[in-house]
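# Coordinates in review
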Amino acid sequence: MDRQPLQASFQLPDPALIGSLRFNEAGLIPAVAQDWLDGAVLMVAWMNREAIERTLATGEVHYWSRSRQELWHKGATSGHTQCLRGLRYDCDADVLLLTIEQSGDVACHTGARSCFYDDGPIPSAGGAAAVPPPADVCTELMRVIEGRRDHPELGSYTNKLLEGGDNRILKKIGEESAEFVMACKDNNAAEIAGEAADIVFHLQVALAHHGVSWREVQLVLAQRRGAPRRE
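Quick summary incoming for the structure in this document. (Residues numbered from 1 in each chain as written. Predicted model: local features only at pLDDT ≥ 70, side-chain atom pairs only at ≥ 80, totals over all residues. Heavy atoms only, no water.)

Think of an α-helix as 3.6 residues a turn; residues three or four steps apart then line up on the same face. Within helix H5 (residues 214-224), burial applies to Trp214, Gln218, Leu219 and Ala222. Burial along H5 is one-sided: seen end-on, the buried residues are contained in an arc of 140 degrees. Those residues of H5 that are buried are in contact with helix H2 (137-150) and helix H4 (189-209). (Buried < 20%, exposed > 50% of the residue type's maximum accessible area, 1.4 Å probe, protein only. Helix = DSSP H or I, 4+ residues; strand = E, 2+ residues; numbered from the N terminus. Arc of directions from axis to C-beta. Contact = heavy atoms within 4.5 Å.)

If you want it as structure tokens, here you go:
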């Protein structure tokens, strides 16, 4: 994925914020790295004052390696760098939340997208085939739809739509859109939300049918944020 300029709504924070942070006795603070598009938690590492200063100065995330006792430019060797898209600290000022754009979509040293892929009693090896991390509800829904597409299930409504192709899918989008319009005309909040959810579902089925990922849609929306206003 080609890196896009930082959103107009985000500017690298003032390094003076470091003065508000509470570091531990070793001079470190934990940092949670979160995907900038779907909110998935990708990894947790440690930062010290120098790591934060370098991150804010370069726009690329730097951590502190406790094992090597040195500054660690994430991805300097692997190419899986992290472009900073946002930074916040928690109510106690002792944890950082980094919103990042992960190059190569790989944050874990095992080759997995996220370090958080295990949920059973026996740890696995991770890697590219690891279970993806939890994300926003629309991303999770798209995963289910793509799963039905790739591994059809008997009696699945999603598979019936996919089997019908554009004719069936697009007809449903038209029907759901009309029902959404009517719900808005009736000013019924619950029905508006329900019909909007129906549109999103059928829209995602159409995307899956045509091999377009939900992330591609998210990226387009993100790129439009802060773009010049249209007349």
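Our next topic: the pattern of salt bridges. Applying the stated criterion to the full structure yields 12 salt bridges. Across the pair arginine 85 and glutamate 101 runs a salt bridge whose closest N-O atoms are separated by 2.5 Å. A residue pair is termed long-range when its members are at least 10 positions apart, and arginine 85 in strand E5 (residues 82-89) and glutamate 101 in strand E6 (residues 96-102) qualify at 16 residues. Using a relative accessible area of 6% as the deciding quantity, one classes glutamate 101 as buried. As a salt-bridge pair, lysine 172 and glutamate 175 come within 3.4 Å of each other at their nearest N and O atoms. In this pair, lysine 172 and glutamate 175 are both assigned in helix H3 (residues 157-186), three residues apart and thus about one turn of the helix distant. (Salt bridge = Lys/Arg side-chain N within 4 Å of Asp/Glu carboxyl O.)

Two quantities define a packed helix pair, namely the angle between the helix axes and the distance between the axes. In the contact formed by H2 and H3, the axes pass within 9 Å of each other and the chain directions differ by 65 degrees. In terms of crossing hand, the pair formed by H2 and H3 is right-handed. Taken together, the residues of H3 that come into contact with H2 (itself represented by Ile145, Arg148 and Arg149) are Thr158, Asn159 and Leu162. Grouping the amino acids of the contact of H2 with H3 by side-chain chemistry returns two nonpolar, two polar and two charged. (Axes fitted to C-alpha atoms, helices over the stretch in contact; angles between N-to-C directions. Left-handed = near helix turned anticlockwise from the far one by under 90°. Nonpolar A, V, L, I, M, F, W, Y, C, P; charged D, E, K, R; others polar.)

Summed over all chains, the structure comprises two aromatic pairs. For the ring pair tyrosine 63 and tryptophan 72, a centre distance of 5.2 Å and an interplane angle of 45 degrees mean the geometry is tilted. Sitting above the plane of the tryptophan 36 ring, arginine 85 keeps its charged end 3.8 Å from the centroid. (Phe/Tyr/Trp six-rings, centres within 6.5 Å; stacked < 30°, edge-to-face > 60°. Lys NZ or Arg CZ within 6 Å of the ring centre and 35° of its normal.)

With a phi angle near 55 degrees, glutamine 69 is a residue other than glycine that sits in the positive phi range. As for its position among the elements, glutamine 69 is in the loop between strand E3 (62-65) and strand E4 (70-73). Residues other than glycine seldom take positive phi values, yet asparagine 187 does so here, at roughly 55 degrees. Inspection of the secondary structure assignment puts asparagine 187 in the loop between H3 and H4.

Let us look at the layout of surface pockets. Remark: the empty space left among the atoms is shown by a probe the size of a water molecule rolled over them. The computed volume of the largest pocket comes to approximately 400 Å³. Within the residue set of the lining of the largest pocket, elements represented by two or more residues are H2 and H5. For the lining of the largest pocket, the element with the most residues is H2, which contributes four residues. Looking at side-chain class alone, the lining of the largest pocket contains nine nonpolar, six polar and six charged residues. (1 Å grid on protein atoms, 1.4 Å probe; cavity = no way out; pocket = protein on both sides within 12 Å on 5 of 7 lines; lining within 4 Å. Points joined across faces, edges and corners; volume = space filled by probe spheres on them.)

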